[in-house]
Amino acid sequence: MDSRLQQEPAQSPSLDDCLKLLKGERDEQRLAGLLLVTKFCKGDDVVSLRKVYDVVGARFLDRLLRTGLGKGINSGSAGSNCDAYLQLSVTVLAAFCRVPEIASSEDMVSKIPLILELMPKESGATVLQECYEFLYLVTNATGDGVRTLYDSGGMKVFVFQISTFPDGSQLMELAIRLLQLMLSKLSLELITNDYLSELSIMVTIIARQFAVLHNALKFESLHLLTAVLSSNYSVPLHDALRVMPDGNWSIYMRLGVVAILQNRVAPAEKLQALILAESMVSIKGEEWLIGKIDLPDIQDSVPVDRCLLLVLESSRVEIAVLLNELAYLKYEASKNTSSTAESSLSKQRNVAIAFSLVEKIIRLVSNIGENEGNLIDDSTFTKVINGLNETVGVVLEYLQDAKEHGQKKGNDLLASVRLVGSYLAETPIACKEKVRELLEYMLSIEAEDEESPFYSICFLLPMLCQTTMKIEGCKALASSGGCKAVIECLVKLIGPGRNMVEDNGCIFLACDTILNLFLKKEQVQFPIDESTFVQLLKALAYWTEDASDPSISMMGSCICALIFDLTSEEALVNNPHFDSNSLNSLSQLVARSLASWGQDKLHVAKADMDLLEIVTAGYTRWAHRFPRIREAVER
């Protein structure tokens with residue numbers, strides 16, 4: 001037998017040997033003991049680490065770290081050993097913090113600023129990784145650690161360094177997890193206010209990890225990006241990212257979303273990808289959904305329409321599943337339990353994301369249809385339209401179910417009407433019979449905080465304005481009782497205490513719909529009581545009184561001219577709900593409009609000329625019944 005195999009193995013140092021050295025009176029003995037600790041206490045031997053830490057003591061560790069940083073009393077005599085002391089102190093600190101009780105101690109939290117101070121100066125990958133391990137273990141063990149890390153400028157250090165880390169490295173993973181910890185323990189509003197620039201740079205860097213990695217860090221990146229970009233405080237961040245040079249970060253985002261949606265991953269991860277996609281569309285516009293993914297460091301390019309089709313298909317699946325689950329919770333599951341209510345709110349939030357994406361795809365398709373040189377081919381266009389048709393059909397079924405259960409109030413119902421309205425604004429004849437059947441019900445839907453229907457009517461106005469251009473559409477609206485609903489909506493939009501909307505588009509859609517109805521009143525019988533048109537006249541007087549836009553004056557006087565066909569000045573004056581001031585305002589309104597008839601018609605818009613003709617024709621019919629208006633016109 002080989003004599004070398006018969007030799008006794010060298011005696012390994014025992015824990016007792018380490019402890020004896022660490023209990024020595026001289027620093028040299030303790031340093032020798034710590035060097036043995038780095039070899040002896042490997043992995044998660046928390047029992048041994050606890051024993052060693054109790055012997056070493058926090059004061060000696062603090063002195064060793066400060067000496068390595070050149071801050072200790074004897075740091076000048078340490079000379080060239082400073083680097084060795086620094087490396088040793090960081091190594092043992094990271095090792096000790098594997099014990100949760102040590103990591104959460106005030107002694108370890110107090111060292112966070114010192115560790116952050118040395119990190120920008122440290123070029124050695126091993127020491128830097130141990131710094132990140134120390135920070136992660138301490139902040140993960142105690143909330144005080146997170147706050148200290150933040151207050152000590154951790155965000156600046158991380159963002160400065162993270163761009164230099166290799167893709168998918170241990171350093172990158174630790175940095176991302178530290179960022180996640182800060183985001184989960186601190187207010188994102190605070191972080192956004194303090195570090196908006198750093199936060200926007202961080203998003204662009206992590207977007208690459210989300211795209212190029214194919215391990216657990218891909219999902220960590222997804223969660224971090226989703227949390228940052230979809231919070232209630234993300235508006236300033238979105239604004240900052242819009243003006244930031246792209247540098248491919250938005251393409252990396254699209255590539256990552258495509259990878260999640262086209263592979264077999266948990267439904268929760270797909271939902272996260274949809275939330276991220278919705279945020280990206282909010283930042284970059286609907287066009288973000290289309291575009292070739294062709295990057296130098298990505299081997300395979302992705303077709304232009306891949307992201308669009310995947311987002312639509314995944315949103316359709318989410319909508320179908322979530323609406324089915326919501327219907328069960330509302331109509332079949334046990335009522336009035338906190339778990340049911342919480343589950344319902346969660347599903348409503350999730351379906352709102354899918355709804356938003358579908359609405360944005362509707363807008364994208366509309367814009368593509370209007371622009372020459374389509375960005376997607378006819379085959380893709382057909383797939384998208386078919387998918388939208390199916391989704392709208394599912395949403396209409398959900399509304400039908402709610403109608404049958406007598407439900408009219410709910411943000412989920414209002415969101416459903418909004419999606420249907422968005423689609424019907426582009427294709428008014430889609431789902432024609434089902435829409436006609438549900439029209440009266442959809443016009444009656446209210447949000448949780450509404451006292452009467454308003455937003456549901458606003459969402460349907462683009463479709464109603466188009467369909468009432470024809471007799472058939474007017475009859476459908478009249479039979480559903482929608483005439484009164486649209487008038488009441490307009491009163492809320494233009495009268496005192498008006499409901500503010502994003503622009504005047506909604507107001508003019510309501511006006512056009514009412515005009516369409518009144519112009520066809522001979523062919524379409526629609527019931528309208530006196531109190532309704534009296535309220536409308538008062539609202540029109542208020543809206544037009546100080547209007548500087550001639551289109552507002554002309555539209556207001558046109559609707560008035562058609563209403564005056566139905567009544568007389570005497571009837572209005574005798575109505576207790578109508579006042580003399582409103583009649584004076586309307587008299588001046590009609591007079592101003594008719595005065596423009598003799599002016600240079602080149603300066604009058606074509607649409608306003610059409611309205612003026614209606615006013616003029618109406619005046620000849622009812623002027624004899626309105627002496628005060630006639631007096632104002634002839635003055």
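Residues numbered from 1 in each chain as written. Predicted model: local features only at pLDDT ≥ 70, side-chain atom pairs only at ≥ 80, totals over all residues. Heavy atoms only, no water.

Under an unreviewed UniProt entry, the protein chain has the name Neurochondrin and belongs to Melia azedarach.

K.L.:
I'm lost on the overall build of the protein chain in this one. Help?
P.N.:
Counting its regular elements, the protein chain contains 34 helices and zero strands. Out of the 635 residues belonging to the protein chain, those deemed buried represent 51%. Once local pairs closer than 6 in sequence are excluded, the contacts in the protein chain between residues at least 24 apart make up 74%. Accessible surface for the protein chain amounts to roughly 30000 Å². Of this, 50% is attributable to carbon and sulfur atoms. (Helix = DSSP H or I, 4+ residues; strand = E, 2+ residues; numbered from the N terminus. Buried < 20%, exposed > 50% of the residue type's maximum accessible area, 1.4 Å probe, protein only. Contact = heavy atoms within 4.5 Å. Areas by Shrake-Rupley, 256 points an atom, 1.4 Å probe, with all protein chains shown as cover.)

K.L.:
Any chance you could explain the pattern of salt bridges here in plain terms?
P.N.:
Side chains that differ in charge, positive against negative, can pair when their charged atoms come close. One pass over the full model with this rule turns up 23 salt bridges. Its salt-bridge partner being Lys484, residue Glu488 comes within 4.0 Å of it at the nearest N-O pair. Of this pair, Glu488 and Lys484 both sit in helix 27 (residues 482-494), separated by four residues, roughly a single helical turn. What makes Glu488 partly exposed here is its relative accessible area of 39%. Owing to a relative accessible area of 38%, Lys484 belongs among the partly exposed residues under this scheme. For Lys521, the salt bridge is made with Asp565, and the minimal N-O distance between the two is 3.8 Å. Residue Lys521 is found in the loop between helix 28 (505-519) and helix 29 (530-544), and its partner Asp565 is found in the loop between helix 30 (550-563) and helix 31 (569-573); the two are separated by 44 residues along the sequence. Taken together, the salt bridges that share partners define one network made up of Asp62, Arg66 and Lys111. (Salt bridge = Lys/Arg side-chain N within 4 Å of Asp/Glu carboxyl O.)

K.L.:
Help me understand the packing of helix 13 (residues 170-185) against helix 16 (residues 216-229) in this model?
P.N.:
Two measures define how a pair of helices packs: the angle their axes make with one another and the distance between the axes. Look at helix 13 against helix 16: their axes get within 10 Å of each other, and the N-to-C directions meet at 30°. Comparing the axis directions of helix 13 and helix 16 gives the class roughly parallel. The hand of the helix 13/helix 16 crossing is left-handed. Residues Met172, Glu173, Ile176, Arg177, Leu179, Gln180 and Leu183 of helix 13 form the contact with helix 16, whose own contacting residues are Leu217, Glu220, Ser221, His223, Leu224 and Val228. Here the residues of the contact of helix 13 with helix 16 are counted per class, giving seven nonpolar, three polar and three charged. (Axes fitted to C-alpha atoms, helices over the stretch in contact; angles between N-to-C directions. Parallel < 35°, antiparallel > 145°, perpendicular 65-115°, else oblique. Left-handed = near helix turned anticlockwise from the far one by under 90°. Nonpolar A, V, L, I, M, F, W, Y, C, P; charged D, E, K, R; others polar.)

K.L.:
How should I be thinking about the packing of aromatic side chains in this particular structure?
P.N.:
The description of two aromatic rings rests on the distance between their centres and on the angle between their planes. Taken as a whole, this structure holds 11 aromatic pairs when the rule is applied. A centroid spacing of 5.3 Å and a plane angle of 65° characterise the contact between Tyr53 and Phe96, whose relative ring orientation is edge-to-face. Placement of the pair is Tyr53 in helix 3 (residues 46-56) and Phe96 in helix 6 (residues 82-96), with a sequence separation of 43 residues. On the accessibility criterion, Tyr53 (8% relative accessible area) is buried. What makes Phe96 buried here is its relative accessible area of 0%. Connected via pairs of aromatic rings, a cluster forms that spans Phe564, Tyr619, Trp622 and Phe626. A cation over an aromatic ring shows up here: Lys218 above the ring of Phe210, its NZ or CZ 5.7 Å from the ring centre. (Phe/Tyr/Trp six-rings, centres within 6.5 Å; stacked < 30°, edge-to-face > 60°. Lys NZ or Arg CZ within 6 Å of the ring centre and 35° of its normal.)

K.L.:
Whenever I open this one, helix 19 (residues 267-284) confuses me. Can you help?
P.N.:
Every α-helix winds through 3.6 residues per turn, so residues three or four apart in the chain are directed the same way. Between its first and last C-alpha, helix 19 extends 25 Å over 18 residues, near the 26 Å set by a 1.5 Å rise per residue. Downstream of helix 19 by a residue or two, Gly285 has a phi angle that is positive, lying close to 95°. (Expected span 1.5 Å × (residues − 1).)

K.L.:
For this particular structure, what's the right way to read the nonpolar core?
P.N.:
A general tendency of soluble globular proteins is for nonpolar side chains to be buried together. Core analysis: the biggest nonpolar cluster contains 213 residues, and Phe158 and Met253 have the highest contact counts within it. Apart from the residues within four sequence positions on either side, Met253 is in contact with Val203, Ala207, Phe210, Leu225, Leu229, Leu276, Met280 and Trp288. (Core = buried A, V, L, I, M, F, W, Y, C linked by side-chain atoms within 4.5 Å.)

K.L.:
Can you help me understand the environment of Met554 in this one?
P.N.:
Assignment of secondary structure puts Met554 in helix 30. Taking C-alpha positions, Met554 is 8.5 Å from Val590, a pair spaced 36 residues apart along the chain. In this structure Met554 touches Ser593, Ser596, Asp608, Leu611 and Leu612, once residues within four positions along its chain are discounted.

K.L.:
Please explain the environment of Ala510 as it appears in this structure.
P.N.:
With respect to the helices and strands, Ala510 occurs in helix 28. Take Ala510: its relative accessible area is 0%, and that puts it in the buried class. Considering only alpha carbons, one finds Ala510 and Glu488, 22 residues apart in sequence, at a separation of 9.9 Å.

K.L.:
It is not clear to me how the side chain of Glu359 should be interpreted in this structure. Could you clarify?
P.N.:
Along the chain, Glu359 turns up in helix 21 (residues 338-370). Among the polar contacts listed, one links the side chain of Glu359 to the side chain of Ser422, at a separation of 3.2 Å. Once you skip the residues sitting within four places of it in the chain, Glu359 turns out to touch Arg418, Leu419 and Ser422. (Polar contact = N/O pair within 3.5 Å; in protein donor to acceptor, adjacent residues only side chain to side chain.)

K.L.:
So what exactly am I meant to see when it comes to the state of the cysteines here?
P.N.:
Each disulfide consists of one covalent bond between the sulfur atoms belonging to two cysteines. A full pass over the atoms with the stated rule returns zero disulfides. Of the cysteine sulfurs around Cys558, a residue in no disulfide, the closest is that of Cys560, at 9.3 Å. By relative accessible area, which is 0% here, Cys558 ends up buried. (Disulfide = S-S within 2.5 Å.)

K.L.:
What is the right way to read helix 17 (residues 235-242) from this model?
P.N.:
Turning to helix 17, its buried residues number three or more, namely Leu237, His238, Ala240 and Leu241. Summarising the axial view, the buried residues of helix 17 lie within an arc of 160°, below the 170-degree limit, and thus occupy one face. Turning to helix 17, the residues buried within the fold contact helix 15 (196-212), helix 16, helix 18 (249-262) and helix 19. (Arc of directions from axis to C-beta.)

K.L.:
What should I look at first to understand the confidence of the model for the protein chain in this one?
P.N.:
Detailed reading of the predicted model is not advised wherever pLDDT is low. Chain-level statistics for the protein chain give a pLDDT mean of 86 and a share of 86% at 70 or above. Model confidence for the protein chain, summarised as mean pLDDT per element, is weakest for helix 5 (residues 75-78) at 48 and strongest for helix 19 at 96. Low pLDDT, under 50, characterises residues 75-79; the predicted model gives this stretch five contacts beyond four residues in sequence or across chains. (pLDDT = per-residue confidence, 0-100.)

K.L.:
Would you explain the side chain of Lys330 in this entry?
P.N.:
On the secondary structure map, Lys330 appears in helix 20 (residues 306-331). You can call Lys330 buried: its relative accessible area is 19%. Of note is the side chain of Lys330, whose polar atom sits 2.8 Å from the side chain of Asp412.

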